[in-house]
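# Structural characterization, general
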Amino acid sequence: MSVANFLKTKGNSVYSVREDASLREAILLLNTKNIGVVLVTTPDNMLTGILSERDIIRRALVQETGFRDESVSKTMTKKVKSVTRSASIDDVMTLMTNSRFRHVPIVEDGKIYGLISIGDVVKIKIAEAENEAAALREYIATG
Ligand code: AMP
């Protein structure tokens with residue numbers, strides 16, 4: 001399956017915060033929406049970073065107090081790896097495995113088209129395996 005096809009069902013909406021938002025705001029969003037990352041954007045909605053719950057844990061370890069009032073840009077990961085809509089789900093899976101993270105934004109020329117999580121990849125793979133098994137059963141039954 002291609003990322004473009006995945007976007008047709010999941011849609012383009014992504015949770016994000018501005019780079020000058022406080023970490024407190026980002027933590028609130030992560031908690032309210034029950035998600036693992038937020039994308040960080042410039043005022044004109046260009047991707048500038050990604051903030052995962054793991055980044056916040058790391059920050060809390062190096063600085064025990066006061067960090068919640070600092071801007072997200074101090075804690076986020078700045079070098080974001082992304083894919084374009086023409087990538088395949090297998091490309092995304094390989095990127096996640098090799099880079100050891102669970103989220104990949106879909107970006108073209110800085111513009112955000114969506115986000116794919118490891119949960120999405122697992123769901124797609126299970127559906128593909130089930131469809132393949134059903135097709136094989138059908139083939140055997142009618143063969
Ligand atoms: P995750 O497993 O996605 O929660 O993220 C683990 C770590 O990788 C955190 O430091 C994230 O900021 C970072 N990270 C997550 N996704 C990406 C990405 N697509 N590109 C670069 N870093 C990322």
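Scroll up for the structure.
Cut-offs applied
Residues numbered from 1 in each chain as written. Predicted model: local features only at pLDDT ≥ 70, side-chain atom pairs only at ≥ 80, totals over all residues. Heavy atoms only, no water. Helix = DSSP H or I, 4+ residues; strand = E, 2+ residues; numbered from the N terminus. Contact = heavy atoms within 4.5 Å. Pairing = 2+ DSSP bridges. Axes fitted to C-alpha atoms, helices over the stretch in contact; angles between N-to-C directions. Near = heavy atom within 4 Å. Polar contact = N/O pair within 3.5 Å; in protein donor to acceptor, adjacent residues only side chain to side chain. Areas by Shrake-Rupley, 256 points an atom, 1.4 Å probe, with all protein chains shown as cover. Buried < 20%, exposed > 50% of the residue type's maximum accessible area, 1.4 Å probe, protein only. Arc of directions from axis to C-beta.

### Description of the side chain of Asp 55
Within the secondary structure layout, Asp 55 lies in helix 3 (residues 53-62). Here Asp 55 is in contact with Ile 50, Thr 75 and Thr 77, once residues within four sequence places are set aside.

### Overview of the sheet that holds strand 3 (residues 47-52)
The strands that make up a sheet pair up through hydrogen bonds in the backbone, lying either parallel or antiparallel. If you trace the three strands from one edge of the open sheet to the other, you get 1-2-3, paired in mixed fashion. Here the strands that pair on one side only, and so sit at the sheet edges, are strand 1 (16-18) and strand 3. Recorded for the sheet is a direction-independent mean angle of 30° between the axes of neighbouring strands. Summarising the sheet, strand 1 and strand 2 (residues 37-41) pair through three bridges and their orientation is parallel. Residue pairing in the sheet places Arg 18 in a bridge with Thr 41 of strand 2. Across the face of the sheet, helix 2 (residues 23-33) comes into contact with strand 1, strand 2 and strand 3 while running at roughly 140° to strand 2.

### A look at the site of the ligand
Lining the immediate environment of the ligand, one finds Ile 50, Ser 52, Asp 55, Arg 58, Thr 77, Lys 79, Val 80, Lys 81, Phe 101, Arg 102, His 103 and Pro 105. Taking Lys 81, its main chain carries an N or O atom lying 2.8 Å from a nitrogen atom of the ligand. Contact with the protein chains covers 93% of the free accessible surface of the ligand, which is 480 Å². Those elements giving two or more residues to the shell around the ligand turn out to be strand 3, helix 3 and strand 4 (103-108).

### Quick word on helix 3
Those residues of helix 3 that sit buried are Asp 55, Ile 56 and Arg 59. Across the axial projection of helix 3, the buried residues extend over an arc of 100°, all falling on one side. Those residues of helix 3 that are exposed and angled more than 90 degrees off the buried face are Ile 57, Arg 58 and Leu 61. Against helix 2 and strand 3 lie the buried residues of helix 3. Backbone nitrogen of Arg 54 and a side-chain oxygen of the N-cap are separated by 3.0 Å at the start of helix 3; the cap is Ser 52.

Everything listed here is a matter of geometry and, on its own, says nothing about what the molecule does.
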